[in-house]
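Structure at a glance
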Amino acid sequence: MHKNIERWYPITFGLALTVLYCSLLRSKPLPTSLKDVFSAATTLSGIAIGFLATAMSILFTIGNTNVVKQMKNSNKYTILINYFMDAINWSFLLASLSFFGLFVEIKTFGSLQWLVFGIWLFTLLTSGLSSYRVIRVFAAILRGAN
């Protein structure tokens, strides 16, 4: 994948999908089951953080393989570590916002409830796409490490 596309697609697609969703459904009320969604997102983001941290430790373990040495020599290793940290940071932000959503009723924000929900949705999408990016790149590395 082209370097700039790979770098920016989680944020770009996350924002585009959020704007599309909010513009199409803004006239409709928010779902009543948001607490369940926030609970599931909190759990999912915690699992993602654990998975990503484990994958990072595997990357350090295979640090002496030819593929990883080549990545280090071409400065792509730093980019991959940055992708890992981006995904972990987005997952932490998602967990925090979702946890906050469990205790604060989103409808108390009145006319700003769609903005608040949009921020959460953007974080959810960007977190998921960032994690996918890491998984895709990491799988390519593992394929080449054999």
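Refer to the structure above for everything that follows.
Residues numbered from 1 in each chain as written. Predicted model: local features only at pLDDT ≥ 70, side-chain atom pairs only at ≥ 80, totals over all residues. Heavy atoms only, no water.

**What about a nonpolar patch on the surface?**
Operational definition: Residues enter patches when they are more than 30% accessible in relative terms and free of salt bridges; like-charged ones are connected within 9 Å and nonpolar ones (Val, Leu, Ile, Met, Phe, Trp, Tyr) within 5 Å. Computed by Shrake-Rupley with a 1.4 Å probe, the accessible areas treat only the displayed protein chains as cover when residues are assessed. Between Lys or Arg on one side and Asp or Glu on the other, a salt bridge is scored when a side-chain nitrogen of the former is within 4 Å of a carboxyl oxygen of the latter. Numbered from the N terminus, helices here are DSSP runs of H or I no shorter than four residues, and strands are runs of E no shorter than two.
On the surface, a cluster of nonpolar side chains totalling about 470 Å² of accessible area is made up of F100, F109, L112, L115 and I119. Within the secondary structure, F100 sits in helix α4 (residues 76-103).

**Section: the nonpolar core**
It is characteristic of soluble globular proteins that their nonpolar side chains tend to be buried jointly. Here is the rule we go by: The term nonpolar core refers to a set of buried residues drawn from Ala, Val, Leu, Ile, Met, Phe, Trp, Tyr and Cys, joined through side-chain atoms within 4.5 Å. Note on classification: 1.4 Å probe, protein chains only; a residue is buried when its accessible area is under 20% of the maximum for its type, exposed when over 50%, partly exposed between these limits. Here, residues are in contact when the closest pair of their heavy atoms is within 4.5 Å.
L59, L80, F84 and I141 are the most contacted members of the largest nonpolar core, which totals 19 residues. Elements supplying a minimum of two residues to this core: α2 (34-61), α3 (66-73), α4 and α5 (113-144). With 7 residues, α4 is the largest single contributor of residues to this core. Once residues lying within four places of it in the same chain are set aside, the contact partners of L59 are V68, Y77, L80, I81, F84 and F138. Counting residues in hydrophobic clusters, the runner-up holds 11 residues, among them L94, W114, F117 and L121.

**A closer look at the packing of aromatic side chains**
Under the convention used in this document: Centres within 6.5 Å make a pair out of two Phe, Tyr or Trp rings, where for Trp the six-membered ring is used; the pair is then stacked when the planes are under 30 degrees apart, edge-to-face when over 60, and tilted otherwise.
By the definition in use, this model includes 8 aromatic pairs. Ring geometry for F38 and W120: centres 5.1 Å apart, planes at 75°, overall edge-to-face. Linking F38 in helix α2 with W120 in helix α5, this pair joins segments that are 82 residues apart in sequence. Residue F38 shares its accessibility class with W120, and that shared class is buried. With a centroid separation of 5.5 Å and 85° between ring planes, the pair formed by W90 and F122 is classed as edge-to-face.

**Things to note about the environment of T61**
When you line up the elements, T61 lands in helix α2. Residues T61 and I135, 74 residues apart in the sequence, show an inter-C-alpha distance of 17 Å.

**Topic: the packing of α2 against α4**
In helix packing, the relevant descriptors are the interaxial angle and the interaxial distance, both defined with respect to the helix axes. Let me state the cut-off plainly: Throughout, an axis means a line fitted to C-alpha atoms (over the contacting stretch in the case of helices), and angles, computed between N-to-C directions, take values from 0 to 180 degrees. In what follows, roughly perpendicular refers to angles from 65 to 115 degrees, roughly parallel to angles under 35, roughly antiparallel to angles over 145, and oblique to any angle outside these ranges. Crossing handedness: left-handed means the near helix sits turned counterclockwise from the far one by under a right angle, and right-handed means the same turn made clockwise. Each residue is assigned to one of three groups, with Ala, Val, Leu, Ile, Met, Phe, Trp, Tyr, Cys and Pro labelled nonpolar, Asp, Glu, Lys and Arg labelled charged, and all others, Gly among them, labelled polar.
In the contact formed by α2 and α4, the axes pass within 8 Å of each other and the chain directions differ by 160°. By the criterion of interaxial angle, the relationship of α2 to α4 is roughly antiparallel. Seen from above, α2 lies across α4 with left-handed handedness. For the contact of α2 with α4, the class distribution of residues is 23 nonpolar, 6 polar and 1 charged.

**Let's talk about the pattern of salt bridges**
A full pass over the atoms with the stated rule returns 2 salt bridges. Two residues, R136 and E6, come together in a salt bridge whose shortest N-O distance is 3.1 Å. One end of the pair, R136, is in helix α5; the other, E6, is in helix α1 (residues 3-25), and 130 residues separate them in sequence. Using a relative accessible area of 13% as the deciding quantity, one classes E6 as buried. For the salt bridge of D86 with R133, the shortest nitrogen-to-oxygen distance reads 3.5 Å. Of the two residues, D86 sits in helix α4 while R133 sits in helix α5, which places them 47 residues apart along the sequence. Residue R133 is classed as buried on the basis of its relative accessible area of 2%.

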